[in-house]
Amino acid sequence: MLVLPAIDIINGTCVRLMKGDYSTAEKVAENILDTAKSFEKAGAKFMHMVDLDGAKEGKRLNSEVILDVRKNCDIKIEVGGGIRTMESVEYYLENGIDRVILGSAAIKNPEFVKEAVNKYAEKIAVGIDAKNGFVSAEGWTDTSEINFIDLAKQMEAIGVQYIIFTDISKDGMLSGPNLTMLDELKAAVKCKIIASGGVATLKDIINLTDLDIYGAICGKAIYSGSLDLAQAIEVAHMAKHNGKGANL
């Protein structure tokens, strides 16, 4: 399983939220580039970056910070937040970003997602963020009446290969990922599932590998110290091969 450390950005600063509530934003690192380099040094192969201002406003607002990381790190990067047009998709991909995450667009403009997938295939991921099983959009400020499984099936049907799933109630709470919803999602579609929200300890990493989840995004756990990134990467790589899951 792939472990993706996360950098969420508000006004050029690395922050974490609780349950997607912008009013809870807490600065968790002094320097974004230094943080990214520390993730790379710990052995991370892929990093998850989100422009939270962009997610709320529907346009790129922290892209310069993100591309500064791209220019100065060798780690692969996926980016989400405010990507609502093909111009924004192309902007990131043409500037070296490895995967672009479409979130609100999956609900508001599925034809745009289809166009992006047709052109860029595996370089496009869809973020499905759910509150009580229903999908939220616009930086989690707008909850729809669309069930997360239904949206996942729609996205699979148009060729989406990667789904990043967040149970908003778990995000930033260090209470463990929603294994039930992740298991339901994995059973419903053949897409590669990346779990986001709630990861706190190595036990959570083991639980996700036991579900055969493709990837796990880890944010607050790394910053708070409850999860050592290098150890998580090693455990995620080894767990399925040596039976560690039963002992953690």
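Residues numbered from 1 in each chain as written. Predicted model: local features only at pLDDT ≥ 70, side-chain atom pairs only at ≥ 80, totals over all residues. Heavy atoms only, no water.

Caption draft 1: Structural context of the packing of aromatic side chains. The full count for this structure, using the stated rule, is 4 aromatic pairs. Relative to Tyr92, the ring of Tyr91 lies with its centre 5.4 Å away and its plane at 75 degrees, an arrangement referred to as edge-to-face. Its relative accessible area of 23% is what places Tyr91 among the partly exposed residues. Between Tyr162 and Tyr214 the ring centres are 5.5 Å apart and the planes differ by 65 degrees, which places this aromatic pair in the edge-to-face class. On the criterion of sequence distance, the pair formed by Tyr162 in strand 10 (residues 162-167) and Tyr214 in the loop between helix 9 (202-210) and strand 12 (215-218) is long-range, its members being 52 residues apart. Looking at Tyr162, the relative accessible area reads 9%, which means it is buried. The positively charged end of Arg99 is found above the aromatic ring belonging to Phe46, 4.4 Å away from the centroid. (Phe/Tyr/Trp six-rings, centres within 6.5 Å; stacked < 30°, edge-to-face > 60°. Buried < 20%, exposed > 50% of the residue type's maximum accessible area, 1.4 Å probe, protein only. Helix = DSSP H or I, 4+ residues; strand = E, 2+ residues; numbered from the N terminus. Lys NZ or Arg CZ within 6 Å of the ring centre and 35° of its normal.)

Caption draft 2: Spotlight on the pattern of salt bridges. Overall, the coordinates contain 7 salt bridges when judged by the stated rule. Residue Glu30 pairs with Lys27 through a salt bridge whose shortest N-O separation is 3.3 Å. Of the residues examined, Lys27 reaches a relative accessible area of 46% and is grouped as partly exposed. The shortest N-O distance in the salt bridge between Arg70 and Asp98 comes to 3.0 Å. Taken together, the residues span a long stretch of sequence, with Arg70 in helix 3 (residues 63-72) and Asp98 in the loop between helix 4 (86-94) and strand 6 (99-102) at a distance of 28 residues. You can call Arg70 buried: its relative accessible area is 12%. (Salt bridge = Lys/Arg side-chain N within 4 Å of Asp/Glu carboxyl O.)

Caption draft 3: Broad picture of the side chain of Asp53. For Asp53, the location among the structural elements is in helix 2 (residues 52-57). Buried within the structure, Asp53 lacks any salt-bridge partner; its nearest side chain of opposite charge belongs to Lys56, at an N-O separation of 6.8 Å. Here the side chain of Asp53 touches Asn11 through a polar contact of 2.5 Å, landing on its backbone nitrogen. Discounting chain neighbours no more than four positions away, the residues touching Asp53 are Ile9, Ile10, Asn11, Leu61 and Asn62. (Lys, Arg positive; Asp, Glu negative; His and termini not counted. Polar contact = N/O pair within 3.5 Å; in protein donor to acceptor, adjacent residues only side chain to side chain. Contact = heavy atoms within 4.5 Å.)

Caption draft 4: Spotlight on the state of the cysteines. All told, the structure shown has 0 disulfides when counted by the stated rule. Cys218 carries a free sulfur, and the closest cysteine sulfur to it, the one in Cys14, is 14 Å from it. (Disulfide = S-S within 2.5 Å.)

Caption draft 5: Inspection of the nonpolar core at higher detail. Core analysis: the largest hydrophobic core is formed by 73 residues, its most contacted members being Met49, Leu102 and Val113. With near-sequence residues (within four places) excluded, Leu102 lies in contact with Ile83, Val89, Phe112, Val113, Ala116, Ile124, Ala125, Val126 and Gly127. Core analysis: the second largest hydrophobic core is formed by 10 residues, Leu4, Tyr162, Ile164 and Ile194 among them. (Core = buried A, V, L, I, M, F, W, Y, C linked by side-chain atoms within 4.5 Å.)

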